Amino acid sequence: MVGIEIDYSEVEKRLGVSRRTFLKFCTGVAASLGLSTHAAVAMANAVADPKRRPPVIWLHGQECTGPTEALLRSEQPSMEHLILDLISLDYHQTLDAGAGHQVEDIKKKSMLENKGKYLLVIEGAIPIKDNGIYCKIAGETMLDLTHEAAANAAAIVAYGSCASWGGVQSASPNPTGATGAPQVLKDKTVVTIPGCPPNPANFIGTVLYFVTYGKLPPIDDKGRPKWAYGRLIHENCYRRPHFDAGRFANEFGDEGHQKGYCLYKLGCKGPETYNNCPSLEYNNVGGGVWPVGVGHPCFGCSEGGVGFEKPMFSLADVKTHTPPNMFPAIETREASGTMTAGAAALAGVAVGAAIGATAMGAKKLDEKEGKQE
Amino acid sequence: MKRRDFLKATLGGTAATLCTTAEARPNLEPAPEAVGMLFDSTLCVGCKACVSICKELNDMPPVTDNEQQIWDSARDLSGETLNVIKVYKDGDAKTKDAEINGYCFEKRSCMHCVDPGCVSVCPCTAMRQHKVTGIVTHHADVCIGCRNCMVGCPYNVPQFEYNELFGQIQKCQMCNQAGLERVDKGQMTGCAEVCPTGATLFGPRKALLQEAKHRMQLKPGEIYNYPRGDVSKPYSHHEKEVPAYRDHIWGEKEAGGTSVMHISSVPFDKLGMPAVGDRSAASVAETVQHSIYSFMALPAVALAGLTYVVRRNTDDDNDGGES
Amino acid sequence: MSSHKAIGGRLFTAPFMVLLVIFLIGCFFMFQRFTSGIGSVSNLNGGFAWGIWVVYDVVIGTAFACGGYALAFMVYVFNKGQYHPLVRPAVLASLLGYAMGGFGAFFDMGRFWQFYEIFLPGNWNFNSVMLEVGLCVAAYIIVLTLEFAPALLERLGMHGLLKALNKVLFLFIALGVLLPTMHQSSLGSLLIAMGHKVHPLWQTLHMQPLLALLTALTMGFSIVIFEASTSAVGFGRHSESGLLSKMGKVIVGLLLTFLLIRLVVLMLQGKLGLIFAADFASLMFLLEMVLFVIPLVILLSSERRSRGGQLLIAAVSMLLAGSLYRFNAFLFTFNPGLGYSYFPSVSEIMITLSIIALELMAYLILVKTLPVLHREEHA
């Protein structure tokens, strides 16, 4: 139940959007989270209430700023306002107006003032080799900065593959020891939103959930929100019927490729990558705008051990979880000719009758012979 | 007394021959240009493209009469399914190709035996093995439906269409039956062509055996360039780490050998392969049968002896044998 | 005057009516088989392609029909003329048994409308045991028909034809000894090609034909005892125990030979341990042995051998043993592979019972209307 009346005029002014756009946005996020319109209303509530804007400390390590850029490149014109007014972004190296020591001081002040209340977002990998000297900001190693910021954070989100598991920096031979945040912050719960870059909707949805309910959505053993990363790309890919029927593109540009056949033989890593790319696609332009949709095999950018590790065009392992029941077991047969009670009874009666008749006959014969003598 | 001795000799000789194991018919040898297939279970990802294409090429309907009513989910070979992918599961089945707590896929279709039991037992020559290609085909036009081929096949491959009134035996014919003739036209079997990982390879049996032996010799973890399609002229390759194969090529020798061979990392008895030795049962049956009936010599001799004896005995009565 | 006489009497007795009902119920399912296919009336499947129709109706049924065969040996090869009165009823039972076996085979055929293909020389595969069985059984049915024809010809009063037939009958009698020897042994040979699917205790490979033949012969003699006993009880005739007890001795000889060979073969093949494995197969083997030993015990005793009741029990036990031997090999301990199972459906069983009923009804009718049973001098 909504506690207070949402003052839409206030929201419209602050966020610079119409009430309609605002509610559409909340409903959309709730839907992609797999939640009901009830949740949408709760989210609208959270956004509308100016008091419930958590402070956010956003760290950057070894990264290309792709995730942030993806967030900013959203098509809906007011998105950046929406996001940046949803939260109180107290520290962001790309978006901060200021620079230098001033900004670093603001960060430290915010972390102190909002102890236990701020959301920590980490973008980029954390190098750990040689005490982490391969990435330093304002004279301090990313490693130290991460530990410092994580100490009193209410929640930690690793945004992007680099922060989730190391990303491109961690490709063999990984000279800097680039690592993901969960591996550095072993005793903390770290939500990971992998992808290179990830779909910003995955980030927004998770953050909005947190803002609304004060807790994180269900996550898997790698910290990924299950609502976005619970399925393999292979499970939702629109080209799956082609895979199942054996229709594959063998070379770029061949007939199969032109017809939009499955890209498995070209090395698509969809069968071993968990993400929701086939459902949400990218760039908000609709119409199949995602790697496979535009004809290039997925390379597993969000999956540790796959992206930047397995060769682009080598065949993926097909992880259909443990084989589903749709595969018959070795000993499964078509028709089964099992015994029914009726059949067993009938057979029993027939045999019994034969034996009974014999016994009777034998007795009668003995009697007859007795008489014959 | 003459009659009794003659009789004893005839019966004794018959019994002796019945007991003999002499002049055994050995296993047939593979035809020099026999074609076959190689199924590598470690490459199979369970995509079931081979099942789909087999249905399409052989005009087979989908099987949907299972409990869950799932489209085309055959449980096993049948009158409507000539090729099926089955799964081996153990424990939590997390690791592909692991025998313990693992899973792997097994392809089931006609093994195209080198010494086919079905061909040996069929009374009407409705099952035939091609002299050159070694492909085993069935011919419904002369078949009486006795289903001896079904009991004589170690792999239970031929399947009778029990649900059709005018049913027939169905089984894989390597896409080379009359009307399809892919092998004759220089093409490969549908399953080999469509397999995305090269788990099913087509080609000369000799070359396939060579390929299988080569894979056995590779070190697990090594990168190997696996061929796709026809082993003698692959249409593409892909690189993959070599798994730990079981050092056993199923069909090299089993029951006389098969043209469709399997390799895997899980022992074959767990993949449903039968407990057969190297001798084909058909060769033993033929040995026994021919020992007794070769040229119908023994029966002819026996008949001559019996006729003589019976005539003698029935001549003793008035009408020459009132029965 | 003929030494045989139709026994006359009412046709539609109570037992006959019971058989008729069974037959008619079976007819319903037989009709279904010929309109909706084998799958609609049976539990045959991919692993068990041969069920009770093949194993009982053909394999066991024809073994039950070896009465004529057994007697042909006694009367026409070993010249024991005293058994002559038993010949015609035995031949009738054999004819009916083989005819029903042939019908059963036809009924079971998946492509029954092409049944003639097995008779076309152009199709013959001489490696096939089944070919030999099919041709031999078909030929034997013709032989049995000719062997039984005199009874019909007598009834019809066609003495000229009868005399002509009797002149050449020796050839058909000789065939009537050769042909069953061939196909009854081959019915055992059918098991060889089934290889590992047949349980090791029954897969004696090269010994299959001999063991099958020995049991078929003993079953032949046993069925003669059975027929004679049931005739005595059912039709109120004299007990033939005096005659039959000597046959008992023959059975003992054959049975001992069979058991010896069976056990020696199992020993040589290293399979004796399986007998005591305490699994289903070992239990069935032991049951089979018990059924073989009961007649042995009864018939070894000259006192028991001379009593009709005991002879009947011995005969039936022998018939059950021979049936179980075949049932075990082809069906009960048959293992085609993981996951297959088979038990006949109700309709499947009814069809088999119906065929048996038809055979019994035909026997009753023919014995009452044709000179089959020998003329008795009533005391």
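First, a word on scope: everything that follows refers to the structure included in this document. Since we're looking at a predicted model, the values are computed, not measured. (Residues numbered from 1 in each chain as written. Chains lettered and ligands numbered in written order. Predicted model: local features only at pLDDT ≥ 70, side-chain atom pairs only at ≥ 80, totals over all residues. Heavy atoms only, no water.)

The next thing to look at is the overall build of chain B. Along chain B, the regular secondary structure elements total eight helices and 12 strands. Among the 323 residues that make up chain B, the fraction classed as buried is 60%. In the structure as shown, chain B presents an accessible area of about 13200 Å², 54% of it carried by carbon and sulfur atoms. (Helix = DSSP H or I, 4+ residues; strand = E, 2+ residues; numbered from the N terminus. Buried < 20%, exposed > 50% of the residue type's maximum accessible area, 1.4 Å probe, protein only. Areas by Shrake-Rupley, 256 points an atom, 1.4 Å probe, with all protein chains shown as cover.)

This part takes up the interface of chain B and chain A. On the chain A side, the residues contacting the 36 residues of chain B number 24 residues. Both sides together, the interface formed by chain B and chain A hides about 2500 Å², and carbon and sulfur atoms give 59% of it. The tally of links between chain B and chain A comes to two salt bridges. Across the salt bridge formed by D76 of chain B and R333 of chain A, the nearest N and O atoms sit 3.1 Å from each other. (Contact = heavy atoms within 4.5 Å. Buried area = accessible area lost by both parts, 1.4 Å probe. Salt bridge = Lys/Arg side-chain N within 4 Å of Asp/Glu carboxyl O.)

So, about the interface of chain C and chain B. At the interface, 72 residues of chain C touch 67 residues of chain B. Counting the surface lost from both chain C and chain B, the interface buries some 6100 Å², and carbon and sulfur atoms represent 60% of this. Among the residues chain C hides against chain B, the three largest losses belong to R111, F170 and H206 of chain C. Together they make up 12% of the total. We note a salt bridge from R147 of chain B to D108 of chain C, for which the minimum N-O separation is 2.7 Å. Residue contributions to the side of chain C that touches chain B peak at 14 residues, all from helix α6 (residues 159-189) of chain C. Grouping the amino acids of the side of chain C that touches chain B by side-chain chemistry returns 39 nonpolar, 24 polar and nine charged. (Nonpolar A, V, L, I, M, F, W, Y, C, P; charged D, E, K, R; others polar.)

Residues and elements named next belong to chain A. Within this structure, the stated rule accounts for 31 salt bridges over all chains. Of the charged contacts in the structure, one is a salt bridge between R224 and E303, with a shortest N-O distance of 3.1 Å. Taken together, the residues span a long stretch of sequence, with R224 in the loop between α10 (200-213) and α11 (226-229) and E303 in the loop between α15 (277-280) and α16 (341-372) at a distance of 79 residues. Residue R224 shares its accessibility class with E303, and that shared class is buried. Residue D317 pairs with K319 through a salt bridge whose shortest N-O separation is 4.0 Å. For D317, a relative accessible area of 37% corresponds to the partly exposed category.

The next thing to look at is the sheet that holds strand β2 (residues 84-89) of chain B. Residue and element names in this part refer to chain B. The strand order β2-β4-β3 describes an open sheet built from three strands, whose pairing is mixed. Every interior strand has two partners, whereas the edge strands, β2 and β3 (95-96), have only one. Pairing analysis gives six bridges linking β2 to strand β4 (residues 102-108), with the strands arranged antiparallel. Residue V87 lies in a different strand from β4, and its bridge partner there is F105. (Pairing = 2+ DSSP bridges.)

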